[in-house]
Amino acid sequence: MDARKALIIKGLNAYYGKAQVLCDLSLKVHPGEKVAILGRNGMGKTTLLKAVFGIGGVKRQGQIVYGEKDCQSLPPHGVARQRIGYVPQGWRLFQALTVEEHLVMAYKKADGPEEWTPERVLATFPEIGRRRKISGTKLSGGEQQILAIGRALVTNPDLLLMDEPSEGVSTMVLDRIAEICGQLAEQGKSILLVEQNLDLALRIADRVYILVNGSIVHSAASSAFKDDKEKQRAYLGI
């Protein structure tokens, strides 16, 4: 494995003002690996992704390294330039931009047949392809989620952060999301996923980390966690 493309987080503490949300958190995502962060609501999962990307007013202490770059020293646009893509919860679309313009604005060219272009996204997700000329904020909730995923894909990331990609989308779209995540991993891309839909998370991820009150309390291969109903009940209330 190419360690230069690994995401390494060590001893991360994260705060909103004086309120601590993450406590001494450490994890690693290898090149081409798909990792899911699981946990009940309010445990700090979204804060973890915001801390990696440096957004949302999160104050960080500890180590966040990707591609031999200290992400803590970089502003959000500097993090994005390391080929880190982000699918935020809540979509964060712009009323003044059409569906197509969201994709064109975010597009970063990449070499090779695996490149994600705006046209490829619109062809892959015909739900938004048919509505390419309307404002992205006029889409349905599920369609806005698809557009947010497409916007991240056209940055052609080597590491993709995904916050609740299943929110509001159909089962058919979930299948496509899982398939795309598998394709990205085959191309050597990495994924760090926050997801409440346990079935989707276990379909996508190779490994899972369980987050409780801002700390990692358990990690396992997805196949092992899928069969461990006792830990699912204990940590997720399932």
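Here, every reference points to the structure presented above.
Residues numbered from 1 in each chain as written. Predicted model: local features only at pLDDT ≥ 70, side-chain atom pairs only at ≥ 80, totals over all residues. Heavy atoms only, no water.

1. Quick look at the side chain of His218
Then comes step 1: Structurally, the position occupied by His218 is in strand β10 (residues 215–221).
Then comes step 2: The residues contacting His218, other than those within four sequence positions of it, are Val208, Tyr209, Ile210, Phe225, Lys231 and Tyr235. (Helix = DSSP H or I, 4+ residues; strand = E, 2+ residues; numbered from the N terminus. Contact = heavy atoms within 4.5 Å.)

2. Digging into the packing of aromatic side chains
Then comes step 1: Under the definition given, this model contains 1 aromatic pair.
Then comes step 2: Judged by centre distance (5.3 Å) and plane angle (25°), the ring pair of Phe53 and Tyr86 falls under stacked. Placement of the pair is Phe53 in helix α1 (residues 45–53) and Tyr86 in strand β6 (residues 84–87), with a sequence separation of 33 residues.
Then comes step 3: Note on Phe53: relative accessible area 11%, which makes it buried.
Then comes step 4: Positioned above the aromatic ring of Trp116 is the side chain of Arg120, whose terminal nitrogen or guanidinium carbon lies 3.7 Å from the ring centre. (Phe/Tyr/Trp six-rings, centres within 6.5 Å; stacked < 30°, edge-to-face > 60°. Buried < 20%, exposed > 50% of the residue type's maximum accessible area, 1.4 Å probe, protein only. Lys NZ or Arg CZ within 6 Å of the ring centre and 35° of its normal.)

3. Brief notes about the sheet that holds strand β5 (residues 69–70)
Then comes step 1: The 4 strands lie next to each other as β2-β1-β4-β5, forming an open sheet whose pairing is antiparallel. Edge positions in the open sheet fall to β2 (19–29) and β5, since each of these has one partner strand only.
Then comes step 2: The strands touched by α1 are β1 (7–16), β2 and β4 (59–66); relative to β1, the strand with the most contacts, the crossing angle is about 110°. (Pairing = 2+ DSSP bridges. Axes fitted to C-alpha atoms, helices over the stretch in contact; angles between N-to-C directions.)

4. Quick word on α1
Then comes step 1: When you tally the buried positions in α1, you get 7 out of 9 residues, the bulk of the element.
Then comes step 2: For α1, the complete set of buried residues consists of Lys45, Thr47, Leu48, Leu49, Ala51, Val52 and Phe53.
Then comes step 3: Gly54 sits one or two positions beyond α1 and adopts a positive phi of about 75°.

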